[in-house]
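So the chains spell out like this:
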2 protein chains.
Amino acid sequence: MTAPLKLGIAGLGTVGAGLVRLLTDNREHLTIALGREIVVAAVSARDRSKPRDCDLSKAVWFDDPVALAMSPDIDIFVELIGGDEGPARVAVEAALKAGRHVVTANKALLARHGVALAGLAEESHCALDFEAAVAGGIPIIKTLRESLLGNRIERIYGILNGTCNFILTKMQEESRPFGEVLAEAQRLGYAEADPTFDIGGFDAAHKLAILTSLAFGTEVAFDEIHVEGIEKITQADITAADELGYRIKLLGVALRAPSGGIEARVHPTMVPKHSAIAEVSGVTNCVAVDGDRVGTLLLVGPGAGSEATASAVASDIIDIARGGGVPPFIVPVAHLKPHRRAEIGEHQGAYYVRLSVYDKPGAMAAIAKRMGDRGVSLESIVQRRTKSALPGASGGRGAPGAPATVTLITHETTEEAIRGALEAIESDGNVSEKPQMIRIEAM
Amino acid sequence: MTAPLKLGIAGLGTVGAGLVRLLTDNREHLTIALGREIVVAAVSARDRSKPRDCDLSKAVWFDDPVALAMSPDIDIFVELIGGDEGPARVAVEAALKAGRHVVTANKALLARHGVALAGLAEESHCALDFEAAVAGGIPIIKTLRESLLGNRIERIYGILNGTCNFILTKMQEESRPFGEVLAEAQRLGYAEADPTFDIGGFDAAHKLAILTSLAFGTEVAFDEIHVEGIEKITQADITAADELGYRIKLLGVALRAPSGGIEARVHPTMVPKHSAIAEVSGVTNCVAVDGDRVGTLLLVGPGAGSEATASAVASDIIDIARGGGVPPFIVPVAHLKPHRRAEIGEHQGAYYVRLSVYDKPGAMAAIAKRMGDRGVSLESIVQRRTKSALPGASGGRGAPGAPATVTLITHETTEEAIRGALEAIESDGNVSEKPQMIRIEAM
């Protein structure tokens, strides 16, 4: 029997307490499977007196997480503090410099400083593992680092934020407006008081930055991601999507662009209604990977929650206990290529467009011409007659002159082309509000 | 740089050739990631002269796979011969006894001799890895052996046979009968000339036997699995399922039974139409795992195909190259518990029942009474009026006396109860053919 593996856990919120419970409840099984015991040797948190639903009687208390990180009495520093700067960063750096393995659930830290930290881990021959940092309980990091290593990854995409998926699912299933569902998500604790980080797409972008590096062997580059949130999605879009055979999901997508760069983007996306990803509802997350050998692999599971996250953190600890030594970003840091950004204008795909078109002669013809001028061809056009007139049809059933809603699905085109067409349409004065545009992801 | 890792590959069919191509195409990347080269040092196959689409110029040829397995010039024996006896078994045993690591895609071999082979591996301190043996390119073995080790698994289930899923998908989407779609599957190469192994559920049962052992820490016990195939599924069932909000899938399911035993079964199953698993169509496979910490994790991907299988075989080789040493069935063989079978009669769940009921007074009342006598309560009843009369209603629209189709969904009950009720209904003489019964899987 090998010597026990000693953990130092910094941060004892719900994930930290869940991890300690998991290790306590499964101690016997884990010891048999690993041939060694895992011991919570030391802990650190902001408030020592706070009651926590886990047994910490054998752990040494540290007031300072950095002192814990450097303690010679631990083998692994488990960072559950959070935040891309401050104590989390300082402590992880200190742990790696002191030769401690690091396990962290901190997506922001990795999205901002992943390569630098991987470099420190490499110098110290330490592990830096972060399964819980992306998509909670879904083992996507291990899948990329280990299972798919024989594949050239062409694209990786997924539902990476449970808050947004909860809101979009509720809007779709209960036909309720964005603001109302957001307020419910806040009441249920799925969304923060300031929800910008989630609904603005930034949380998903942190995770996508990590996945992009792993999938394509590039440096982690959070700032190179094109980010749009779900704030602009209306009930009209949800309904139109349903009629057209789609669901709207906030996806993070990264792929090898035809130009040779990496196209990485987070935005509301239409996915086919009869796809497994369309049935990923509520706070559940998913990640799909297109590999040149395996084809498409889809992993679906809880993206958050203390127990699911603790399960992922535990899997990293278990890997280290077994002696696993996979470089944080698969290849040594020196082999990580610079991230060459493919601009969003280069994006190729189909688009959903919703226009409020004034009912006046020639309006639709002008719109069609603007699309045609840019080489954008249309797969379908739906004109909603309820509450408004048919554009350009003076005999329409609605009030003459009132704008009608026109929904278009384009064939594959470029973002540059569709944006150019929509700008021209707007400046022609035939639409009463800014056109809505949602990308359709092929799958 | 560590010394190269030398492979001996036995079996050069499409998977073997795909593996050699994968290793050739990705050589540079793999060498950087692993810090060592993977070399195909030796190969063996039945016919040396057969043209193969891969570069074997540097590999030593062996006519005898057993001699290859024992060769001191290889580190890993890759068994791609197939079959649960004969050369595959002999060669794998020889390799393990000679101290070679073994990677195999052979589900039949593992389902029959998994524990004995794991024992040999343990004695020799060798790896015995088999990611490709279950669900092709889906990394379910690694997920169970590594990612979910901190979980108590409550249930594992999935679509484990692509042939059956192809047939059921086509029957559903194109409203075509079983026999016709089977013939198409045979033409397309998805089904064998003798399709019994696939459509009878035995292939799925082999895979389920392996998953059951990994999920519950029990000995591999193929013979303890209750197996039913898809031969009895008719278009009437497919249509009724659709109307009731379900899809029919051949699932392999294993769970901890209330009695304390393991309930392991392969059979056609109704799954909710609006579940991700319902959208797993064609030859695609999936596996879902319910863990006490992680909740439900669903993995979807290609269950077969030479490239996807080669991707999984490569991942095992990569793990060994990295020095990974996970026991084949997670814990040392001495700790694998005997498989205590929970009889199918103990199964608890809801049921779909389709009856051909004679149109005579009191028929439906008698059926309802038989259900009630066994404590089976009904959630829904659908009587199809087309082509036949309403049972017991002399004013029915069909031909009087002709049997009508009655479809029932029960509330949760036991298999023993529903079987008892159906036997009594049959012996009452109110039905014109044997009742159809399909289990509904809760998810």
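Residues numbered from 1 in each chain as written. Chains lettered and ligands numbered in written order. Predicted model: local features only at pLDDT ≥ 70, side-chain atom pairs only at ≥ 80, totals over all residues.

1. Re the overall build of chain A
For step 1, the next point in the chain: The helix and strand tally for chain A stands at 14 helices and 17 strands.
For step 2, the next point in the chain: The globule rule puts the C-alpha radius of gyration for 443 residues at 22 Å, and the 25 Å found for chain A is close to it.
For step 3, the next point in the chain: In terms of its C-alpha atoms, chain A occupies a principal-axis envelope of roughly 85 × 45 × 35 Å.
For step 4, the next point in the chain: Going through the 443 residues of chain A one by one, you find that 56% of them count as buried. (Helix = DSSP H or I, 4+ residues; strand = E, 2+ residues; numbered from the N terminus. Rg over C-alpha atoms; globule rule 2.2 N^0.38 Å. Buried ≥ 20, exposed ≤ 12 C-beta atoms within 10 Å, placed from the backbone.)

2. Points about the sheet that holds strand β5 (residues 101-104) of chain B
For step 1, the next point in the chain: Taken together, the six strands give an open sheet; going across it, the order is β3-β2-β1-β4-β5-β6 (chain B), and neighbouring strands pair in parallel fashion. Every interior strand has two partners, whereas the edge strands, β3 (60-62) and β6 (128-129) of chain B, have only one. (Pairing = 2+ DSSP bridges.)

3. Details of the interface of chain B and chain A
For step 1, the next point in the chain: Taken residue by residue, the interface counts 48 residues in chain B and 48 residues in chain A.
For step 2, the next point in the chain: One ladder, built from three bridges, connects strand β12 (residues 295-302) of chain A with strand β12 (residues 295-302) of chain B; its direction is antiparallel. Paired with Leu298 of chain A across the bridge in β12 of chain B is Val300 of chain B. (Contact = placed C-beta atoms within 7 Å.)

4. Some points on the relation of the copies chain B and chain A
In this arrangement, two copies of a chain are superimposed by a rotation about an axis accompanied by a shift along the axis.
For step 1, the next point in the chain: Each copy superposes on the other: chain B lies on chain A with an RMSD of 0.0 Å after a rotation of 180° and an axial shift of 0.0 Å. The relationship between the two copies is best expressed as a two-fold rotation axis.
For step 2, the next point in the chain: Most of the interface of chain B is mirrored in chain A: 100% of its interface residues are interface residues there too. (Least-squares fit on C-alpha atoms with pLDDT ≥ 70 in both.)

5. Re unusual backbone geometry
Residues and elements named next belong to chain B.
For step 1, the next point in the chain: Its identity is not glycine, yet His125 carries a phi of approximately 55°, on the positive side.
For step 2, the next point in the chain: Its location among the elements puts His125 in the loop between α5 (107-124) and β6.
For step 3, the next point in the chain: With a phi close to 50°, Ser175 is a non-glycine residue in the positive phi region.
For step 4, the next point in the chain: Relative to the helices and strands, Ser175 is located in the loop between α7 (162-174) and α8 (178-187).
For step 5, the next point in the chain: Taking the number of C-beta atoms within 10 Å as the measure of exposure, Ser175 has 11 and is therefore exposed.

6. Details of α5 of chain B
Residue and element names in this part refer to chain B.
For step 1, the next point in the chain: With 18 residues, α5 should reach 26 Å at 1.5 Å per residue; the first-to-last C-alpha distance of 22 Å falls well below that figure.
For step 2, the next point in the chain: Taking the largest bend as the criterion, α5 deviates by roughly 85°, centred on His113.
For step 3, the next point in the chain: Its buried side turned inward, α5 meets α4 (86-97), β5, β6 and α10 (202-216).
For step 4, the next point in the chain: Once α5 finishes, His125 follows within two positions and takes phi at roughly 55°, a positive value. (Expected span 1.5 Å × (residues − 1). Bend = angle between axes of the 7 residues up to and from the residue.)

7. Some details on the nonpolar core
A general feature of soluble globular proteins is that nonpolar side chains tend to end up buried together.
For step 1, the next point in the chain: Among the nonpolar cores identified, the biggest contains 306 residues, and Val313 of chain A together with Val313 of chain B are the most heavily contacted of them.
For step 2, the next point in the chain: What Val313 of chain B contacts, discounting residues up to four positions off in sequence, is Val15, Leu19, Val78, Val103, Ala105 and Ala132 of chain B. (Core = buried A, V, L, I, M, F, W, Y, C linked by C-beta atoms within 7 Å.)

8. Brief notes about the sheet that holds strand β5 (residues 101-104) of chain A
Residues and elements named next belong to chain A.
For step 1, the next point in the chain: Taken in spatial order, the six strands of this open sheet run β3-β2-β1-β4-β5-β6, and their pairing is parallel. Edge positions in the sheet fall to β3 (60-62) and β6 (128-129), since each has one partner strand and no second.
For step 2, the next point in the chain: Two strands pair when backbone bridges link them, and β5 and β6 are joined in this way by two bridges, in the parallel orientation. Along β6, the bridge assignment pairs Val102 with Leu128.

9. Comments concerning the pairing of strand β10 (residues 262-272) of chain A
Residues and elements named next belong to chain A.
For step 1, the next point in the chain: In terms of residue burial, β10 counts as a mostly covered element, since ten of its eleven residues are buried.
For step 2, the next point in the chain: Of the strand pairs in this sheet, strand β8 (residues 226-227) and β10 are connected by two bridges, and their pairing is parallel. Counterpart to Val227 in the pairing with β10 is Val266.
For step 3, the next point in the chain: With eleven bridges joining them, strand β9 (residues 246-256) and β10 adopt antiparallel strand pairing. Each bridged residue has a counterpart across the sheet, and for Ile248 the counterpart in β10 is Met270.
For step 4, the next point in the chain: In this antiparallel pair of consecutive strands, β9 and β10, the connection spans five residues, and Gly260 shows a positive phi of 105°.

10. Describing the packing of helix α6 (residues 140-147) of chain A against helix α6 (residues 140-147) of chain B
A pair of packed helices is characterised by two quantities: the angle between their axes and the separation of those axes.
For step 1, the next point in the chain: Contact geometry of α6 of chain A with α6 of chain B gives a least axis separation of 11 Å together with a crossing angle of 115°. In the crossing of α6 of chain A with α6 of chain B, the sense of the turn from one axis to the other is right-handed. Here Lys142, Glu146 and Ser147 of chain A of α6 of chain A lie close against α6 of chain B, whose contacting residues are Lys142, Glu146 and Ser147 of chain B.
For step 2, the next point in the chain: When its residues are assigned to classes, the contact of α6 of chain A with α6 of chain B shows no nonpolar, two polar and four charged. (Axes fitted to C-alpha atoms, helices over the stretch in contact; angles between N-to-C directions. Left-handed = near helix turned anticlockwise from the far one by under 90°. Nonpolar A, V, L, I, M, F, W, Y, C, P; charged D, E, K, R; others polar.)

11. A few points about the domain arrangement of chain A
For step 1, the next point in the chain: Here chain A is described as being made up of domain 1 (5-104), domain 2 (140-302 + 327-335) and domain 3 (347-440).
For step 2, the next point in the chain: Inter-centroid distance (C-alpha atoms) of domain 1 of chain A to domain 2 of chain A is 30 Å. (Domains from an automatic or database assignment.)

12. Here's the deal with the environment of Gly158 of chain B
All names here are of chain B.
For step 1, the next point in the chain: Positionally, Gly158 belongs in strand β7 (residues 153-159).
For step 2, the next point in the chain: C-beta crowding within 10 Å serves as the criterion here: with 30 such atoms nearby, Gly158 is assigned to the buried category.
For step 3, the next point in the chain: For the pair Gly158 and Lys170, spaced twelve residues apart in sequence, the C-alpha separation works out to 19 Å.
For step 4, the next point in the chain: Gly158 has contacts with Ala135, Leu251, Gly252, Asn285, Cys286, Val287 and Ala288, leaving out every residue within four places of it along the chain.

13. Some remarks on the packing of helix α7 (residues 162-174) of chain A against helix α8 (residues 178-187) of chain A
Residues and elements named next belong to chain A.
For step 1, the next point in the chain: For the pair α7 and α8, the least separation of the axes is 9 Å and the interaxial angle reads 130°. On the basis of the axis angle, α7 is oblique to α8. Once α7 is placed against α8, the crossing between them reads as right-handed. Packed against α7, whose contacting residues are Thr163, Phe166, Ile167, Lys170 and Met171, the element α8 presents Phe178, Val181, Leu182, Glu184 and Ala185 at the interface.
For step 2, the next point in the chain: Tallied by class, residues from the contact of α7 with α8 come to seven nonpolar, one polar and two charged. (Parallel < 35°, antiparallel > 145°, perpendicular 65-115°, else oblique.)

14. Here's the deal with the environment of His339 of chain B
All names here are of chain B.
For step 1, the next point in the chain: With respect to the helices and strands, His339 occurs in the loop between α12 (306-321) and β13 (348-357).
For step 2, the next point in the chain: Among the residues examined, His339 registers 21 C-beta atoms within 10 Å and is labelled buried.
For step 3, the next point in the chain: Once the C-alpha coordinates of His339 and Ile262 are considered, the two residues, 77 residues apart in sequence, prove to be 6.9 Å apart.

15. Overview of the environment of Thr104 of chain A
Residues and elements named next belong to chain A.
For step 1, the next point in the chain: Along the polypeptide, Thr104 turns up in strand β5.
For step 2, the next point in the chain: Given 28 C-beta atoms within 10 Å, Thr104 falls into the buried group.
For step 3, the next point in the chain: Counting along the chain gives 80 residues from Thr104 to Thr24, while the straight-line C-alpha distance between them is 20 Å.
For step 4, the next point in the chain: Excluding residues within four positions of it along the chain, Thr104 makes contact with Glu79, Val92, Leu109, Phe130 and Ala133.

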